[in-house]
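What the coordinates show
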Amino acid sequence: MSDNLAQQHCEACRVGAPLATETERTDWLKQLPDWQIEQSDGIDRLTRQFSFKNFVQALEFTNQVGELAESMAHHPAILTEWGKVTVSWWTHKIKGLHKNDFVCAAKTDELFKS
Ligand SMILES: C[C@H](O)[C@H](O)[C@H]1CNC2=NC(N)=NC(=O)C2=N1
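Everything numeric in this text was worked out from a predicted model, so none of it was measured.

What counts as what
Residues numbered from 1 in each chain as written. Predicted model: local features only at pLDDT ≥ 70, side-chain atom pairs only at ≥ 80, totals over all residues. Heavy atoms only, no water. Helix = DSSP H or I, 4+ residues; strand = E, 2+ residues; numbered from the N terminus. Buried < 20%, exposed > 50% of the residue type's maximum accessible area, 1.4 Å probe, protein only. Contact = heavy atoms within 4.5 Å. Pairing = 2+ DSSP bridges. Near = heavy atom within 4 Å. Polar contact = N/O pair within 3.5 Å; in protein donor to acceptor, adjacent residues only side chain to side chain. Areas by Shrake-Rupley, 256 points an atom, 1.4 Å probe, with all protein chains shown as cover. Nonpolar A, V, L, I, M, F, W, Y, C, P; charged D, E, K, R; others polar. Patch = residues over 30% accessible without salt bridge, like charges linked within 9 Å, V, L, I, M, F, W, Y side chains within 5 Å. Salt bridge = Lys/Arg side-chain N within 4 Å of Asp/Glu carboxyl O.

1. Here's the deal with the environment of Asp34
- Summarising the element assignment, Asp34 is placed in the loop between helix H1 (22–29) and strand S1 (36–40).
- The partly exposed category is assigned to Asp34, whose relative accessible area is 42%.
- Aside from chain neighbours lying at most four places away, what touches Asp34 is Thr47 and Arg48.

The following block contains the structure:
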């Protein structure tokens, strides 16, 4: 099992950075049981839906994810609805999944647990 994703940091996003391999994706997804890899506009994204009691709680979590994104200089797509927040991570520069996306997904789970 690879070391704990949630304790790692994002490396600077750069054009030409390597996409996560199939083996890496399989290995890292073991730490992210609530996340799925979905394609949107032909781009693989790591996506999870989080549930909340109401819109205010969903919005609070949205802002926490936003602060995390700013701190990592790596940003997700976030859909905020009453009682639900859908977060999708991918790396724009390489139009796919990088280790950073798995690290940020793990950190997003930590926010939800806290
Ligand atoms: C200039 C800025 O740091 C870059 O555009 C960053 C911003 N946040 C980013 N977020 C994501 N998910 N992918 C990127 O390639 C990316 N690039």
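There's more to say after this.
2. Section: the pairing of strand S4 (residues 84–89)
- In terms of residue burial, S4 counts as a mostly covered element, since 5 of its 6 residues are buried.
- Where strand S2 (residues 43–51) and S4 come together, 6 bridges link them in antiparallel fashion. The partner of Ser51 across the bridge, within S4, is Lys84.
- Pairing of strand S3 (residues 77–81) with S4 involves 5 bridges; the strand directions are antiparallel. Paired with Glu81 across the bridge in S4 is Lys84.

3. Here's the deal with the site of the ligand
- Lining the immediate environment of the ligand, one finds Cys13, Ala73, His74, His75, Trp90, Thr91, His92 and Lys93.
- Backbone polar atom of Trp90 to a nitrogen atom of the ligand: 2.7 Å apart, as the coordinates give it.
- Taking 390 Å² as the accessible area of the ligand by itself, protein coverage stands at 64%.
- In the shell around the ligand, the residues fall into 3 nonpolar, 4 polar and 1 charged.

4. A look at the side chain of His98
- Counting through the fold element by element, His98 comes out in the loop between S4 and helix H3 (99–113).
- His98 gets classed as buried once you look at its relative accessible area, which sits at 5%.
- Discounting chain neighbours no more than four positions away, the residues touching His98 are Glu11, Ala17, Pro18, Ala20 and Thr91.

5. Let's talk about a nonpolar patch on the surface
- Where nonpolar side chains cluster on the molecular surface, the patch consists of Phe55, Leu59 and Trp82 and spans about 330 Å² of accessible area.
- For Phe55, the location among the structural elements is in helix H2 (residues 55–72).
- Owing to a relative accessible area of 36%, Phe55 belongs among the partly exposed residues under this scheme.

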